[in-house]
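# Examining the three-dimensional arrangement
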Amino acid sequence: MTGPKNLESRTKHIKQTWAKHCHNMLYMSSVETDFPTVRLNVSEGRENLYWKTIRALQYIHQHHQDEANWFLKADDDTFVVIENLQYILSKLDPEKPLYLGRRFKPFISQGYMSGGAGYVLSKEALRRFVKGFQTGLCTHFSTIEDMALGKCMETMKVEPVDTRDMKGRQTFHAFPLDHYIIRQLPRPRPWHVIYDYYVPNEGPNCCSDFVVSFHYIYAVQQYVLEYFTYHLRPYGYIYRFRPDEIVETNNKTNKGGEKISGMEKDQKEG
């Protein structure tokens, strides 16, 4: 998702970095350009973001549904590691109604996926989303795009997928890495931690070795993450994480509200 004013400042940097790893990439906007962008019949602005998403998914369903099994929606300030996403998807069936991302818990019974972190619909989920608007079961009832789409997913019986890794670490992230990886002293939880569907980890155990996304990544930082992801390698390092090993994960849901310390987990284990 992008817009005319962001093509030079944001979108061209995505095109030069992680977009190269996609099988097919569409840049959705309110105007058609030779970038190229797809013109959707919507106006720009945050208040129209859900309409933009609706029109984008309808367009993909009409013109591209047979070209892929999975459909990723990402903003023009999101960084995505496509290979890690493909690894997660390789274990799932695109003909089942599935929906993946950073799962938030408020407002919707089954939760919903953060828009900024990016979310993925299976081919069957895409069909059901479009059908929901064709039949009137889904409506544009809110300008809060990710929550409203999550409500449609729930209505159309699309199942949210737990995208944490085998150690219970998150793969999709609604903020840059520094919001998660620094150990914190006990404090009132920020909203994005309260919203987490699962009990959050702060500090070095926050994030999977196979991270899929970070949000609020602009221009230069796209290239920095591209370098760290695909080029930086410490000589002699033996890779420590084997994702196919079965380990116990923390399946507790997040109660929210209370104070949290990034050192609590270490203290309990110590």
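Preceding block: the structure.
Parameters at a glance
- Residues numbered from 1 in each chain as written.
- Predicted model: local features only at pLDDT ≥ 70, side-chain atom pairs only at ≥ 80, totals over all residues.
- Heavy atoms only, no water.
- Helix = DSSP H or I, 4+ residues; strand = E, 2+ residues; numbered from the N terminus.
- Rg over C-alpha atoms; globule rule 2.2 N^0.38 Å.
- Contact = heavy atoms within 4.5 Å.
- Expected span 1.5 Å × (residues − 1).
- Buried < 20%, exposed > 50% of the residue type's maximum accessible area, 1.4 Å probe, protein only.
- Disulfide = S-S within 2.5 Å.
- Phe/Tyr/Trp six-rings, centres within 6.5 Å; stacked < 30°, edge-to-face > 60°.
- Pairing = 2+ DSSP bridges.
- Axes fitted to C-alpha atoms, helices over the stretch in contact; angles between N-to-C directions.
- Parallel < 35°, antiparallel > 145°, perpendicular 65-115°, else oblique.
- Nonpolar A, V, L, I, M, F, W, Y, C, P; charged D, E, K, R; others polar.

### Overview of the overall build of the chain
Along the chain, the regular secondary structure elements total 9 helices and 10 strands. Compactness check: the chain gives a C-alpha radius of gyration of 19 Å against a globular reference of 18 Å for 270 residues, within 12% of the reference. Considering only C-alpha atoms, the chain reaches an extent of 55 × 40 × 35 Å along its principal axes. Relative to all contacts within the chain whose residues are 6 or more apart in sequence, the contacts with residues 24 or more apart total 76%.

### With respect to helix α4 (residues 123–135)
Across its 13 residues, α4 extends 18 Å between first and last C-alpha, which sits within 8% of the 18 Å expected from 1.5 Å per residue. Residues of α4 that are buried include every one of Lys-123, Glu-124, Ala-125, Leu-126, Phe-129, Val-130, Gly-132 and Phe-133, and no others. Looking at the buried side of α4, the elements it contacts are α2 (49–63), β3 (70–73), β5 (98–100), β8 (119–122) and α5 (145–155). Positioned one or two residues after α4, Gly-136 has a phi angle of 85°, which is positive.

### Notes on the state of the cysteines
This model, assessed by the stated rule, comprises 2 disulfides. Each disulfide pairs two cysteine sulfurs, and for Cys-138 the partner residue is Cys-152, the sulfurs being separated by 2.1 Å. Linking Cys-138 and Cys-152, the disulfide has an S-S dihedral of approximately 85° and is accordingly described as right-handed. Linking Cys-138 in the loop between α4 and α5 with Cys-152 in helix α5, this pair joins segments that are 14 residues apart in sequence. Put simply, Cys-206 and Cys-207 are joined by a disulfide, and their sulfur atoms are 2.4 Å apart.

### Observations regarding the packing of aromatic side chains
The geometry of an aromatic ring pair is captured by two quantities: the separation of the ring centres and the angle between the planes. Tallied over the full model, the rule gives 14 aromatic pairs. Taking 5.0 Å as the distance between ring centres and 90° as the angle between the ring planes, the aromatic pair formed by Tyr-27 and Phe-35 counts as edge-to-face. On the accessibility criterion, Phe-35 (15% relative accessible area) is buried. Judged by centre distance (5.1 Å) and plane angle (55°), the ring pair of Phe-129 and Phe-133 falls under tilted.

### Considerations on the pairing of β8
The two faces of β8 match: Tyr-119 and Leu-121 on one face and Val-120 and Ser-122 on the other face are all buried. Where β5 meets β8, 2 bridges bridge the pair, whose relative direction is antiparallel. Across the sheet, the residue bridging to Leu-100 is Val-120, located in β8.

### Details of the packing of α4 against α5
It is the contact of α4 with α5, at a shortest axis distance of 9 Å, that shows an interaxial angle of 95°. When the axis of α4 is compared with that of α5, the two are roughly perpendicular. Together, Ala-125, Phe-129 and Phe-133 of α4 and Leu-149, Cys-152 and Met-153 of α5 make up the contact between the two elements. Counted by class, the contact of α4 with α5 contains 6 nonpolar, no polar and no charged residues.

### Focus on α2
When the terminal C-alpha atoms of α2 are compared, their 21 Å separation across 15 residues agrees well with the 21 Å that a helix rising 1.5 Å per residue should span. Those residues of α2 that are buried are in contact with β1 (28–29), β3, β8, α4 and α5.

### Overview of the sheet that holds β8
Taking strand neighbours across the sheet as the criterion, the 4 strands line up as β3-β8-β5-β9 in an open arrangement whose pairing is mixed. Only two strands of the sheet have a single partner each, and these edge strands are β3 and β9 (159–161). Averaged over all adjacent pairs, the angle separating strand axes in this sheet is 25°, with direction ignored. For β3 and β8, the ladder comprises 4 bridges, and the chain directions are antiparallel. Across the sheet, residue Phe-71 finds its bridge partner in β8, namely Leu-121. The sheet contacts of α5 involve β3, β5 and β8, and relative to β5 the element is tilted by about 160°.

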